[in-house]
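# Inside the fold
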Amino acid sequence: MSDQFHDIFVETNCLGQQELLDYLQGKLSPAEQHRVEQHLADCEMCNDALEGLQQITKKEKIPFWLREIKWNLMKKLRLKNHRKRKLKIYVSAILVTAIVLLLVFMVYWVIFEIRRGN
Ligand SMILES: [Zn+2]
């Protein structure tokens, strides 16, 4: 199990999305096509990716979909960051309030102690 997880983080020479698309659309040179086929022969991950791309019939729309997916992801990320920033402001406000309350309490306590001393 640990070996499997270790492999995920190893840098591979796997095929890029564009490369797979070009392969499917027959846009690669014979040499490139050969390299892709050699890689596909022993890479399960790229085979899965290729299979997924093959199932999409309107291949010319894939770049458009990819852009849309990327854009949606960016939107979600931006929203998440915005929420994080808001949370940071709330936490800061609570901390400042706590510190001010503590200072006020300390001042009262010092005054109380001084009066008791007299
Ligand atoms: Zn691969």
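Looking at an unreviewed UniProt entry, one finds the chain named Putative zinc-finger domain-containing protein and attributed to Chitinophaga caeni.

## Re the overall build of the chain
Scanning the chain from N- to C-terminus turns up five helices and zero strands. Secondary structure elements in the chain, listed N-terminal to C-terminal, are α-α-α-α-α. Sorting the 118 residues of the chain into buried and exposed places 13% on the buried side. Taking all contacts inside the chain whose residues are at least 6 apart in sequence as the whole, residues at least 24 apart take part in 52%. On the chain, roughly 10,800 Å² of surface is accessible, and the fraction owed to carbon and sulfur atoms is 62%.

## Details of the pattern of salt bridges
In total, this model carries two salt bridges according to the counting rule given. Among the ionic pairs, E19 bridges to R35, the shortest N-O distance being 2.1 Å. Pair noted here: E19 is in helix 2 (residues 17–24) and R35 is in helix 3 (residues 30–41), with a separation of 16 residues, a long-range link. By relative accessible area, which is 22% here, E19 ends up partly exposed. As a salt-bridge pair, E113 and R116 come within 3.4 Å of each other at their nearest N and O atoms. In this pair, E113 and R116 are both assigned in helix 5 (residues 62–117), three residues apart and thus about one turn of the helix distant. Its relative accessible area of 29% is what places E113 among the partly exposed residues.

## With respect to the coordination of the zinc ion
Around the zinc ion, the protein contributes the donor atoms C14 (SG), H39 (NE2), C43 (SG) and C46 (SG), which lie 2.0 to 2.3 Å from the metal centre. For the zinc ion, the four donor atoms are set out with angles of 99 to 116 degrees between them, so the coordination reads as tetrahedral. Counting gaps between the donor residues of the zinc ion yields the pattern C-x24-H-x3-C-x2-C. Of this pair, C14 sits in the loop between helix 1 (2–8) and helix 2 while C43 sits in the loop between helix 3 and helix 4 (44–55), placing them 29 residues apart in sequence. Overall, C14 belongs to the partly exposed group, its relative accessible area being 26%. In this structure C43 comes out as buried when scored by relative accessible area, which is 11%.

Parameters and conventions
Residues numbered from 1 in each chain as written. Predicted model: local features only at pLDDT ≥ 70, side-chain atom pairs only at ≥ 80, totals over all residues. Heavy atoms only, no water. Helix = DSSP H or I, 4+ residues; strand = E, 2+ residues; numbered from the N terminus. Buried < 20%, exposed > 50% of the residue type's maximum accessible area, 1.4 Å probe, protein only. Contact = heavy atoms within 4.5 Å. Areas by Shrake-Rupley, 256 points an atom, 1.4 Å probe, with all protein chains shown as cover. Salt bridge = Lys/Arg side-chain N within 4 Å of Asp/Glu carboxyl O. Donors = N, O, S within 2.8 Å, 3.2 Å for Na, K, Ca; no water. Tetrahedral: all angles 85-135°; square planar, octahedral: opposite > 155°, others 65-115°.

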